[in-house]
Amino acid sequence: AGAGELSASCYGKRVGNVPVSIKEKEPQRYSISFEGPQLDTYTLNVLWSDEHIPGSPFKMNLMPSDASKVIVTKPDHYSLSMRALFKVDATEAGVGDLTAFCRAENSANLPVEILKPDPEFEEYKAIITPIKEVKYFLSIQWGKRDVPGSPFEINLVPVIHSDRVIVEDPVYSMVEQPVVTMVNTSFAGPGKLTAVGIGEKSGGVPVAVEEVEKGKYKLSFVPSLEDDYQLSILFNDQAVPRSPLFIPIKPIFEPVEQVIIADVESGFGLEEFQDETPAPPNEMYLYIGEPLSIDFDAPLTNDASLDEEQQTGLSVTAIGDKNGPAKVKITRKDKAKYEIVFNPLKPDRYVLNLDYNGSPAPGSPIIVHYSLPVDATKCVITGLEKLSFYPMTNIPLEFGVDATDGGNGELHVTTDRPSGDVTSTVTVDEIEGQKGIYRITYTPATPGEHSVNLQWGKDRIPGSPLVFNVVSGSAITGESVYPYGKPVVLQLTADCKVKDLDVYAIYEGTNVHTKLKVSKAGKGQFALSFQPDKSGFYDTHAKIKGNDVAGSPYRVRYADPPDASKVTVSIVPSDIAYVHTPINFTINVKEAGLGDLVLRSNVRKRARDSRIAPEFKVVNNEDGTFSAEFIPIYHVLHNFDVLFGDSQVPGSPFAIQVIEKPPEISHLLSSDLNLILVNQPVNVYFTLREGESSSFISANATGHSTDDAEVKIQSLQEANEYRAHFIPTNPDDYQLEVMHHGKHIQGSPFPVKVVGMGGFEDTKSLDEVHNPPIVQAKHPVNLLLPIEYSSSTLIDVHIDGPLGVTVAPEVKDDKKSSYAVYFTPTEPGEYLVHAKKGEDTLRGSPYRVMVKESRSDATKCYILAEDKPLFEKPQRFGKPCTFRISTANAGPGTLNITSRGPGKADVKIFDNSDGTYTCELSPSIAGRYLVDILWDDQHIDGSPYELNFKPRKKKVITGLDLDLDNFRVGVPHRFKLHCEEIGVGQLELMCKPSSAAEITVSNLGNQSFQVQILPKEEGRHELSVLYGGNHIFGSPYNVTFHERGDASKCRMISSDVEQIEDGHDHVIFVVSVQGAGKGKLTSHVDNPQSGERQEVTIDPLNDTDYKIHFDLGEGTEYQLVIKYDGEHIEGSPFKLLFADESDGSVCRAEGDGLRISHVGRETSFKVFTEGAGQGELNVLVSSTGGTVVEAVVTETDTSEYNVTYTPTLPGDHGISIKWGEQHIPNSPFKMKSYVPAIASNLFVVDPPSDAFLEAPINFKVQRKISGEMKEQEVLEIHAKSRKEQLNGTVRKQYDGSYTCTIEPQIAAKYEVSITLNGDDISGSPFKVKVSEPPKPDKVLAYGPGLEDGYIGQEGNFTIETDKAGTGTLSVRVHGPKGAFRINMRRHPENDRNILVRYDPKYEGQYTIDVTWSEVHITGSPFQVNIQKQEEGVNGIEEPSEVHITGSPFQVNIQKQEEGVNGIEEPSE
């Protein structure tokens, strides 16, 4: 180390600085020593020339291990599959080791991960990850002793709330019509829904329970009789709210069609119409659900030949061609009138035969055709995804219509064609054997717009009309702008082969050709793609055999990289939101370029919460901004990520605390003083959330000098509306508390001064009034008027104060029952409150309020800052809570403190004579207390305060008998003494001689002590224990310190198992302690399976050998611990296995989980071990890459096990199954894990937001997890606007992704949905705005500014864009010295016309570029020559002479012949 000086210092955490001795033993070698005055944690600094040597400072913890000093901080909550972190602080716990294990209830135990982040400090982290919804118990030990609170219970068992099941009103009509009831169990937790139906007459009826979506059920049954039915609904065998439902089924008839069979005059005999020629049968067509109602007027007869028995009356039968007989209901209204009702349940042709007195009735039979109702909305157009976006002439377009659910209708197909087209054809064929399935073939003959109209019955089928833009040649289309990092993909329609195509792109300003990849995309369809290497404009050329196709070159812009730093986000609300209330986002990306916007929420929901987390609803506002809505369903902290171009935007993630929405509360009370008349009601109104019980509302009124007043919680007529109703019957000063969910509503508690009868009358003496209305000046007063609220009432109030004093009152009402006047008197004296209702003076007005001099200001009082933390943390029960209050600037007054809680509290107030008070509050029982602190009857700021008193741990005082303790030299002996019932004192222990033992006493507080005795000398000694200077009972003790036994010398010499009389096995071990010295042999047995500990019996066989024996229980595995003088003997603990010899060859495994599984889904199989003997089932599931999948083994029955696992990776796996150490037959099994066909595994890549007509919209769908699939995927695309619904095409790629295309036919905003097996994938739905394509050839430019001119003249011209469709106009003028500023404005009479002006300032050639959506219009670029203006022109003086080359010129003038150009010849 070279030349230098050694120095050292030592510091104890409790004792402070400690002297250090440095001695030089030999040259350059030193001895450093210090002697700590007591056990402590010491830090030793060793420096060489004022620099720490390696390892310095050195930490030495000499404190004894004390698990009671360990502090464990638990997590706020626990969630399934989420890490639970327990923080363990053992700083004050002395020397020890931290251990932990986690036991599960009815499940596998969990591993515990223990971390020590900083080796310098005794602070640890114990981490577990729960995997099942069960109870776990985490034991944390320090020095092999449980720390306070251990074991910690972690309860993940889902809570089931049958009272949260929502039952809707049943829907029912009549007999044989189903009764339907909808039930929602989404908020009740996991469970089973059952239902029982019973009729009063008909008895039990079967009830069908169908889950229509997760947590929502449809209950239905069909009543067979008119009866009163009772439907009982149970959730987990518990009745739900509203159960049972009472459902009366009575006859209900709604005649749809009246058919008069006969209208016979009196005296018209039956025989008279029987001879007539029968009329053709009545025939009609009805839909199922429409009852046929017939009024039958019976003919009167005078035929005496019909006796009474032959007059049988009316009978009706109904026979269906397919379904046979059907029920008909006949009701006799009087002697000659009948009502017939026929309402079949199945479609068919029915024949109704009516007989009267045994003969056919007139008009019989009646033929009724019943069919399903025609519903065009149930028809579906199919096959559109296979059609070309640009169909070509004379190429058939085939698609279909599925009308199987559309009822009994007819398909009508019509077409609208371009003018002059008479040769396009359409054919409609119904597929043989598939009723309602049609194939439609349309062959367009001419280019242009073709429409195919589809109707089912009289109504249009969704998606109709189908519009096709037919081309006769070839065309190239695509997007105008492509995002950075994504390939450019264009579409080409052409009747050619790939080899005939020449496709390339040229970057603007260069001549570099980039070849495009060409791939077939259907008949006559090609996909053209390339990946640009830089942003800018590219012209894409497509040629067929050297000839450009329509639209070539097609210009695209490759956007700049997105810049998330330029995105701004505004959120409303921005900090606190309510459950089920929208959070609205506005995202501005105008300056950020083109990129993908991603919004996602990160919520830690409860593990037992099965509700599906909500998703964002995002709308592109088409102006560079997005609007998004998120409706939270969990009342927890939400973190929202906003990403643009895969990067977080500024401020992301955004944190918003979501809480339960508070109820709507309406009342007139003030947190200041409220004045009311005795017997006058006070109401606080609540509108609770749906499903919230009134039990969450509580209220009480505490009187100052009388008993507490009754406050009632009443339900009102409006749904979910309640009120807290308080009518004080005694004059007094009350504290009215109104609470919701155990918390005060805003302003509570309310001080209410109840004035005796006549107290407000100015004619009455205040001495006659009980509790007169006397208040303090400068303190607000809220006077509740004794009149009822009326919406048509206008209350006018003015106040007369003392002479010269004016007060501005505020009149309030609660819109329900009352009025109040709020004012602040400024001076003492009498105040009269005058109140009128319209023109009428209110009864009792004016109301007198007496104001006295304000002596104090409670707002100036406060709790001292250093004492405020007492109200933020729990206080220890049994110890007074002491705090101080300052009233120095509050004026004269009296400090009063009261408390409200589970018990009485003793309050002591001490005046410190310095403007402060010391207050002590001692509650009688533990719990939560509200502390009201008032200065001169006014609450100080923050009052009432809240104090929580935690119950103290019960301490058991045990007798101390040290004579019986077995002391060993070198082995610490510890015990606790609790002296709190003896009183305050100091505990002392002394040993004679003092060198025989080292004694440490630690004061644990509250007169409890921890004692450690470390024997040092063998022999008999006297040990004294004194408390408060006096020996405790039994002291002094005679103790013997024995030499410590040597456990390493002990050994097991034999073991045996005997069967005793009751059939149990008795286990015997013999242990020898020869040579181990004097000591104590102890032993116990642990059963790891049950967690139970079993004591054993130890019997001496001779001086050195001991017999250890115990009875074997039901378990097969035990752990035997044998110690000598507290130390394990060699081999201890011993693992004991008691089992028959296992035979894995007779085991078998069954189940699909041995062959296939799906990533992320729990899979299972069973293992049967009958006849295999005793053994342990070991299952290992692993991928070919070595990734182990956790397998959970559950014994479901004797010799039967259920094994579940959830693979995380796709591909081949192996399943090893062993019974004991032996593989069962066919083990290891080969299993393959597939990627599941679930919508959440797919997402939309770069969904487009803008598109043009005549160009297909393309996008890609990719997987989050790639791999082989077993399940069939059905990916569907649907797009809809207000006027059109259409289906898209899907092409699966070799890598498992999809290329998707939709072809809108009209300009509109479309919502595009992509579903997998019916479920939306991630990113679906999204919105696309489709616009008319720009038409540059329809833009016209004209005006003098496009012609040659002179310097100084304005260059003005006009651009017309009326017929050019949607596009962007760009005008650029380049002169001799580059580009310069131009002026553009809209025409005042036509905003599609643009007026352009430029001012040329230099002579030369000017180029004017006019482009429409970046394509030159006709004539562009325009070339304009600007010259200097000649003198003499436009008022410039002419020069004296200008000689022009060639001058003078010779001009020959001839006489014009007659008749030329019709001009008469001049005379000369």
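Higher on the page you've got the structure.
Reading the values: the criteria
- Residues numbered from 1 in each chain as written.
- Predicted model: local features only at pLDDT ≥ 70, side-chain atom pairs only at ≥ 80, totals over all residues.
- Heavy atoms only, no water.
- Pairing = 2+ DSSP bridges.
- Helix = DSSP H or I, 4+ residues; strand = E, 2+ residues; numbered from the N terminus.
- Axes fitted to C-alpha atoms, helices over the stretch in contact; angles between N-to-C directions.
- Buried < 20%, exposed > 50% of the residue type's maximum accessible area, 1.4 Å probe, protein only.
- Contact = heavy atoms within 4.5 Å.
- Phe/Tyr/Trp six-rings, centres within 6.5 Å; stacked < 30°, edge-to-face > 60°.
- Lys NZ or Arg CZ within 6 Å of the ring centre and 35° of its normal.
- Core = buried A, V, L, I, M, F, W, Y, C linked by side-chain atoms within 4.5 Å.

A. How the structure looks around the pairing of strand S36 (residues 397-402). In the sheet, strand S35 (residues 380-382) pairs with S36 via three bridges, with the strands oriented antiparallel. By the bridge assignment, Val 380 is partnered in S36 with Asp 402. Note: S36 against strand S39 (residues 437-443), six bridges, orientation antiparallel. Bridge pairing links Val 401 to Tyr 438 in S39.

B. Geometry of the sheet that holds strand S130 (residues 1383-1387). With respect to topology, four strands assemble into an open sheet ordered S125-S127-S131-S130, the strand pairing being antiparallel. Of all the strands in the sheet, just strand S125 (1340-1342) and S130 have a single pairing partner and so form its edges. Pairwise comparison of adjacent strand axes, ignoring direction, gives a mean angle of 25° for this sheet. Bridge count for S130 against strand S131 (residues 1390-1398) is five bridges, and the pairing is antiparallel. From the neighbouring strand, Arg 1386 faces S131, where its bridge partner is Ile 1394.

C. Fine view of the environment of Glu 622. Tracing the chain through its elements places Glu 622 in the loop between strand S57 (617-620) and strand S58 (625-630). Among the residues examined, Glu 622 registers a relative accessible area of 26% and is labelled partly exposed. The sequence separation of Glu 622 and Asp 1250 amounts to 628 residues, and the corresponding C-alpha distance is 8.4 Å. Leaving out residues up to four positions away in the same chain, Glu 622 has contacts with Ser 1249, Asp 1250, Lys 1309 and Lys 1329.

D. Inspection of the packing of aromatic side chains at higher detail. On inspection of all chains with the given rule, the structure shows 32 aromatic pairs. On the basis of an interplanar angle of 85° and a centroid distance of 6.0 Å, the ring pair of Tyr 929 and Phe 949 is categorised as edge-to-face. On the criterion of sequence distance, the pair formed by Tyr 929 in strand S85 (residues 927-935) and Phe 949 in strand S87 (residues 945-950) is long-range, its members being 20 residues apart. One exposure class covers both Tyr 929 and Phe 949, and it is buried. Measuring from ring centre to ring centre gives 6.3 Å for Phe 1165 and Tyr 1205, while their planes differ by 55°; the resulting arrangement is tilted. Of this pair, Phe 1165 sits in strand S107 (residues 1163-1168) while Tyr 1205 sits in strand S111 (residues 1200-1205), and the two are 40 residues apart along the sequence. Each of the two residues, Phe 1165 as well as Tyr 1205, counts as buried. Each residue in the set Phe 585, Phe 616, Phe 630 and Phe 640 is aromatic and connected to the rest through ring pairs, giving one cluster. Lying across the ring of Phe 1168, Arg 1148 places its NZ or CZ 4.1 Å from the centre.

E. Here's a closer look at the nonpolar core. Among the nonpolar cores identified, the biggest contains 27 residues, and Leu 675, Leu 785, Phe 823, Val 833 and Tyr 847 are the most heavily contacted of them. Of all the secondary-structure elements, those providing two or more residues to this core are strand S63 (673-677), strand S72 (781-785), strand S73 (795-800), strand S75 (819-823), strand S76 (829-837) and strand S78 (847-852). Once you skip the residues sitting within four places of it in the chain, Val 833 turns out to touch Leu 783, Val 797, His 798, Ile 799, Val 821, Phe 823, Ser 845, Pro 846 and Tyr 847.

F. Just unusual backbone geometry, in detail. Here the residue pair Ser 464 and Pro 465 is connected by a cis peptide bond, since its omega of 5° sits within 30 degrees of zero. Topologically, Pro 465 is positioned in the loop between strand S41 (459-460) and strand S42 (466-470). Phi angles above zero are rare outside glycine, and Lys 144 is one such case at about 70°. Non-glycine residue Ser 913 carries a positive phi angle of around 60°.

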